[in-house]
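Each chain is listed here by its residues.
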Amino acid sequence: MKKDILICGVGGQGTVLASKIIAASAMEAGDLVHSAETIGMAQRGGPVTSHVRIGEEAYSPLIPFGSADMILSFEPAEAVRNLRYLKPDGIVIVNSVPVKPVTESLMPTGYDGTEMIAYLKKKCTCIVVDGEALCRPFGSSRYFNIAILGVAAASGRLGIAKEIILREIERRVPAKYLEANKAAFQAGAEIGAQYEVK
Amino acid sequence: MKEYVMGNGAIAYGALKAGVNLVSGYPGTPSSEIVETVAKAKPEGVHVEWSVNEKAAMEVAAAAAYSGARTLVTMKQVGLNVASDPLMSLAYVGVKGGMVVVSADDPGPISSQTEQDTRRFAEFARIPVFDPSSPEEAYEMIQDAYECSEKYATPVLFRPTTRVDHAYAAIDRPEKFEPNRVSGFIKNSKKWVIFPRLSFANHAMIEKRNVEIGEEFSSYRFNTVEGGNSKKAVVASGISYAYAKEFLEDYPDVKLIRIGTPYPFPESFVKKALEGVTEVLSLEELSPYNEEQIARLCGRNGIVLTIRGKLTGDVPASGELSTNLIAGILRKYLELPGEASEIDVSDAPELPVRPPVLCAGCPHRASFYAVKKAMKGRNCYFCGDIGCYTLGNAMPLDMCDTCLCMGAGITMAQGFTWMDKEGIGFAFVGDSTFFASGMTGVVNAVYNNANMILCVLDNSTTAMTGHQPHPGTGRNMMGDIVEKVDIASVLTGIGVSKVVTVDPLNLNEAMGAVRMCADLPGVKAIIFKSPCVAISKPVGKCHITGGCLNCGKCIKEIGCPGLIRVNGRVTIDPNLCTGCGLCSQICPVDAIQEVTQ
Ligand code: SF4
Ligand code: SF4
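(A) Structural context of the overall build of chain A. When helices and strands are counted, chain A shows seven helices and six strands. The C-alpha atoms of chain A give a radius of gyration of 16 Å, which matches the 16 Å a tight globule of 198 residues would have. Projecting the C-alpha coordinates of chain A onto the three principal axes gives extents of approximately 50 × 40 × 35 Å. A buried classification covers 56% of the 198 residues belonging to chain A. In chain A, of all internal contacts separated by at least 6 residues, the share reaching a separation of at least 24 is 63%. A total accessible area of about 7800 Å² is found for chain A, and carbon and sulfur atoms account for 52% of it. Charged side chains of chain A number 22 positive and 21 negative; the gap between the two group centres comes to 2 Å.

In structure tokens:
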């Protein structure tokens with residue numbers, strides 16, 4: 001299998017765990033995997049991206065523009081920021097809940113994400129997920145990183161079986177939060193199933 | 001066993017597999033995880049340390065290498081500047097056990113002051129350098145680097161770049177590591193004491209030897225030629241090789257020459273690879289190193305060849321390369337039709353900018369604010385330094401007039417006030433930077449009768465690079481509890497006339513200390529002591545009560561990300577607020593209170 005998956009959001013949203021789970025699941029399924037994270041200065045409240053590359057053909061750890069099969073975005077503007085990476089027939093799964101820049105109160109921009117979502121809908125195939133509604137039953141937006149994996153897996157576009165991903169979640173999430181995370185994954189999967197491509 | 005690790009992890013495991021006995025370094029992005037991986041693996045019989053700075057790390061390792069041990073020294077590229085004094089001499093003296101110095105370059109730069117190129121440093125110091133293009137290769141290559149170092153009794157440089165350091169790949173590594181047997185130091189002052197006569201003799205030896213190493217590198221496994229026999233060839237090294245290879249998958253006729261050992265340049269290998277080639281494009285980051293080497297090679301051998309790269313403007317002179325940039329450059333070079341199909345985003349709405357800021361509740365914000373308020377209207381120089389606190393330059397604090405290199409703020413504060421005797425020179429330095437290269441600057445101030453105020457922002461960690469311990473934390477890399485080096489005692493010992501320690505989160509007390517010091521002559525120091533919020537438990541939370549005038553003073557004065565506006569009303573975001581209480585000391589009507597549980 002050859003797949004390029006880009007995961008993006010804002011520092012602190014849990015994108016790294018999501019990328020680690022995808023990478024580990026793909027390896028579990030027998031594929032060669034490379035990935036890269038943006039870390040360092042860029043991480044403080046700034047945009048973060050993880051590139052996960054599955055398959056023999058990937059030599060560079062970074063996905064070229066126009067090659068990502070899927071973008072998992074934890075935030076509307078971050079999806080737009082990384083849209084150039086998407087294959088013209090790729091898919092974006094995006095959280096509609098905006099994260100305002102930390103400087104918003106000092107230098108107001110009025111950013112609320114709606115313009116970004118409208119733009120994405122115009123430009124590509126996308127599944128828009130209301131992260132707030134999705135995570136409400138679990139009491140924290142922290143579960144979004146696992147929920148979005150559920151959406152991705154059930155959409156059939158990730159190319160990795162749901163069961164394998166669930167096993168990786170079990171391996172990586174502390175026992176105390178495991179049940180809630182599994183439920184979040186399931187809730188995401190229900191959304192993804194509505195868009196399933198066979 | 002297979003482990004999915006970062007490039008830095010692969011480097012660490014490669015060194016451990018080579019039987020490394022001692023690992024030392026100073027933290028710096030993108031190199032820090034190497035020492036951390038070694039420490040986490042807890043290899044028995046291996047000494048691991050965060051040294052106080054790169055020079056110390058180099059010297060500790062040098063002595064171990066004199067004793068026959070295999071040693072690993074790690075740093076970022078600017079750290080190599082600090083360590084260059086011992087390295088330059090060590091290149092003449094040589095080593096007994098294998099010594100590999102990892103200096104991680106940072107094209108972009110993504111988190112550094114400079115875009116310097118460690119390959120140049122290798123050429124300058126006349127020592128070999130290895131340039132890996134992936135984590136898997138780094139794992140193999142560093143083991144070769146130890147062989148090379150021991151065979152030629154020389155320290156060897158190893159230079160990954162950010163994208164190799166921070167890429168992840170599966171590495172097949174042994175479960176357990178065995179350090180080498182250390183033969184011990186054999187005294188011989190003719191060998192280990194550097195004197196002009198020795199340097200003269202060794203210089204000649206080194207030049208001769210480097211020709212030999214260049215020959216040996218010409219058949220090295222990571223200097224490779226792929227593709228067909230095209231007249232137009234491509235030369236690449238490091239991560240640029242990975243980018244080029246990926247693009248050239250679809251153009252298998254194009255000859256791709258990869259250079260894994262930039263110095264000593266593998267001349268006969270490159271000469272042979274260029275046979276039948278009329279034009280070559282050099283793809284590399286930072287500096288046109290390979291490009292210039294090839295030009296020299298052609299000149300010396302009367303080879304007629306068009307050489308393209310940075311010097312001809314075909315490759316950007318600065319910044320990092322990417323698969324996309326390289327695809328564009330190669331399309332032009334190979335005169336390929338068509339563009340990659342990608343979504344046109346030229347009509348995208350304006351994206352929110354997300355500049356890096358000090359965290360909510362960060363004590364540095366309070367320290368800067370106290371100095372700013374106390375010195376309002378006075379003629380001051382605010383000299384910054386390297387660390388999270390460089391972010392004190394952002395609005396609304398605007399408290400960083402200069403930032404040059406590690407420790408420079410302390411000495412620069414002196415220089416400014418020698419030129420403006422009425423001015424008050426402030427230097428802001430973090431605790432780790434103070435130990436790394438701040439102390440000599442304070443001695444300079446005391447010795448030369450300078451007037452300055454040293455502000456040590458002591459948050460008990462090395463926050464910027466991922467919270468490493470340092471001499472002031474009472475903990476070392478092996479996890480031992482050690483004697484804390486007390487900053488106040490160090491300063492008093494040096495002869496600083498006034499040393500006060502304050503809690504920056506107590507605004508009045510902190511401002512009082514600043515005012516008092518500003519009116520005293522000589523060298524004064526204020527230690528602003530409060531732990532980094534990223535590693536300490538929040539003390540509580542604050543909220544805004546009904547008395548709020550919605551004047552926005554709290555937001556405008558300190559810019560804490562925890563202070564937001566919701567439907568026009570000033571509010572505190574409970575997810576971000578750490579309850580530091582700084583804003584509550586600024587509010588004119590006492591509307592901000594701690595939430596009582
Ligand atoms: S108390 Fe005020 S200044 Fe401190 S973290 Fe909370 S909102 Fe920010
Ligand atoms: S300074 Fe006080 S009164 Fe003014 S907006 Fe802030 S909390 Fe409200």
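There is more to say, and it comes next.
(B) Focus on the pattern of salt bridges. Residue and element names in this part refer to chain B. Throughout the structure, instances matching the rule amount to 38 salt bridges over all chains. Between R70 and E150 there is a salt bridge, with the nearest N and O atoms lying 2.9 Å from each other. Here E150 lies in helix 7 (residues 135-152) and R70 lies in the loop between helix 3 (54-66) and strand 4 (71-76), a separation of 80 residues in the sequence. We classify R70 as buried; its relative accessible area is 6%. Put simply, E216 and K151 hold a salt bridge, and the shortest N to O gap is 2.7 Å.

(C) Region of the structure containing the sheet that holds strand 9 (residues 224-226) of chain B. All names here are of chain B. Taken together, five strands build an open sheet; the order of strands is 9-11-10-12-13 and the sheet is mixed. Edge strands, defined here as strands with exactly one partner in the open sheet, are strand 9 and strand 13 (306-308). Averaged over all adjacent pairs, the angle separating strand axes in this sheet is 20 degrees, with direction ignored. Where strand 10 (residues 232-236) meets strand 11 (residues 255-258), four bridges bridge the pair, whose relative direction is parallel. From the neighbouring strand, A233 faces strand 11, where its bridge partner is K255. On top of the sheet, helix 11 (residues 239-248) reaches strand 9, strand 10, strand 11 and strand 12 (279-283); it is set at about 165 degrees to strand 11, its chief contact.

(D) Spatial organisation of the site of ligand 1. In the vicinity of ligand 1, the contacting residues are G361, C542, I558, C560, L563, C577, T578, G579, C580, G581 and C583 of chain B. Tallied by class, the residues present in the shell around ligand 1 amount to seven nonpolar, four polar and no charged.

(E) Main features of the domain arrangement of chain B. Under the domain assignment used here, chain B contains domain 1 (2-217), domain 2 (224-339), domain 3 (363-529) and domain 4 (540-596). Centre-to-centre separation of domain 1 of chain B and domain 4 of chain B, based on C-alpha positions: 50 Å.

(F) Quick look at a negative patch on the surface. A grouping of E56 and E57 of chain A together with E249 and D250 of chain B is seen on the molecular surface, where their side chains present a negatively charged patch. Here E57 of chain A is to be found in the loop between strand 3 (47-54) and strand 4 (68-73). The class for E57 of chain A is partly exposed, based on a relative accessible area of 38%.

(G) Region of the structure containing the packing of aromatic side chains. Residue and element names in this part refer to chain B. Going through the model one piece at a time under the given rule, you end up with 20 aromatic pairs over all chains. Between F185 and W192 the ring centres are 5.8 Å apart and the planes differ by 45 degrees, which places this aromatic pair in the tilted class. For W192, a relative accessible area of 12% gives the class buried. Residues F426 and F428 carry aromatic rings whose centres are separated by 6.3 Å and whose planes lie at 15 degrees to one another, so their mutual orientation is stacked. You'll find F426 and F428 in the same group, each marked buried. Ring-pair connections join several aromatic residues into one group, and the members of that group are F130, F217, Y220 and F222. The lysine or arginine in question, R173, covers the ring of Y13, its NZ or CZ lying 4.3 Å from the ring centre. Note that K232 overlies the ring of Y333, its terminal NZ or CZ placed 5.1 Å from the centroid.

(H) Up close: unusual backbone geometry. Residues and elements named next belong to chain B. Put simply, G108 and P109 share a cis peptide bond, and its omega is -25 degrees. Relative to the helices and strands, P109 is located in the loop between strand 5 (99-104) and helix 6 (118-125). Each neighbour pair has its own omega, and for M395 with P396 the value is 0 degrees, a cis peptide bond. Mapped onto the elements of the fold, P396 is located in the loop between strand 14 (380-383) and helix 16 (408-419). Of note, the phi angle at R126 is positive, near 65 degrees, even though the residue is not glycine. A residue is classified by how much of its surface remains accessible, and R126, at 27% relative accessible area, is partly exposed. Positive phi is not limited to glycine here, since N449 has a value of about 60 degrees.

(I) Geometry of the pairing of strand 5 (residues 86-95) of chain A. Residues and elements named next belong to chain A. Most of strand 5 is tucked away: seven of the 10 residues are buried. Regarding the hand of the β-α-β motif, the stretch spanning strand 4, helix 2 (residues 76-81) and strand 5 is right-handed. Handedness of the strand 5-helix 3 (residues 114-123)-strand 6 (residues 125-129) crossover: right-handed.

(J) The packing of helix 3 of chain B against helix 5 (residues 84-93) of chain B, seen in detail. Residues and elements named next belong to chain B. As a packed pair, helix 3 and helix 5 sit with axes 9 Å apart at the nearest point and diverge in direction by 20 degrees. Our classification of the angle between helix 3 and helix 5 gives roughly parallel. The two elements helix 3 and helix 5 cross, and the hand of that crossing is left-handed. Contacts between helix 3 and helix 5 involve K55, M58, E59, A62 and Y66 from the first element and D85, P86, L87, L90 and V93 from the second. A per-class count over the contact of helix 3 with helix 5 returns seven nonpolar, no polar and three charged.

(K) Local environment of the confidence of the model for chain B. Residues of chain B with pLDDT of at least 70 account for 100%, and the chain-wide mean is 94. Both confidence scores are given for the complex: pTM 0.93, ipTM 0.91.

About the criteria used
- Residues numbered from 1 in each chain as written.
- Chains lettered and ligands numbered in written order.
- Predicted model: local features only at pLDDT ≥ 70, side-chain atom pairs only at ≥ 80, totals over all residues.
- Heavy atoms only, no water.
- Helix = DSSP H or I, 4+ residues; strand = E, 2+ residues; numbered from the N terminus.
- Rg over C-alpha atoms; globule rule 2.2 N^0.38 Å.
- Buried < 20%, exposed > 50% of the residue type's maximum accessible area, 1.4 Å probe, protein only.
- Contact = heavy atoms within 4.5 Å.
- Areas by Shrake-Rupley, 256 points an atom, 1.4 Å probe, with all protein chains shown as cover.
- Lys, Arg positive; Asp, Glu negative; His and termini not counted.
- Charge placed at Lys NZ, Arg CZ, Asp CG, Glu CD.
- Salt bridge = Lys/Arg side-chain N within 4 Å of Asp/Glu carboxyl O.
- Pairing = 2+ DSSP bridges.
- Axes fitted to C-alpha atoms, helices over the stretch in contact; angles between N-to-C directions.
- Near = heavy atom within 4 Å.
- Nonpolar A, V, L, I, M, F, W, Y, C, P; charged D, E, K, R; others polar.
- Domains from an automatic or database assignment.
- Patch = residues over 30% accessible without salt bridge, like charges linked within 9 Å, V, L, I, M, F, W, Y side chains within 5 Å.
- Phe/Tyr/Trp six-rings, centres within 6.5 Å; stacked < 30°, edge-to-face > 60°.
- Lys NZ or Arg CZ within 6 Å of the ring centre and 35° of its normal.
- Right-handed = clockwise from strand over helix to strand, strands pointing away.
- Parallel < 35°, antiparallel > 145°, perpendicular 65-115°, else oblique.
- Left-handed = near helix turned anticlockwise from the far one by under 90°.
- pLDDT = per-residue confidence, 0-100.

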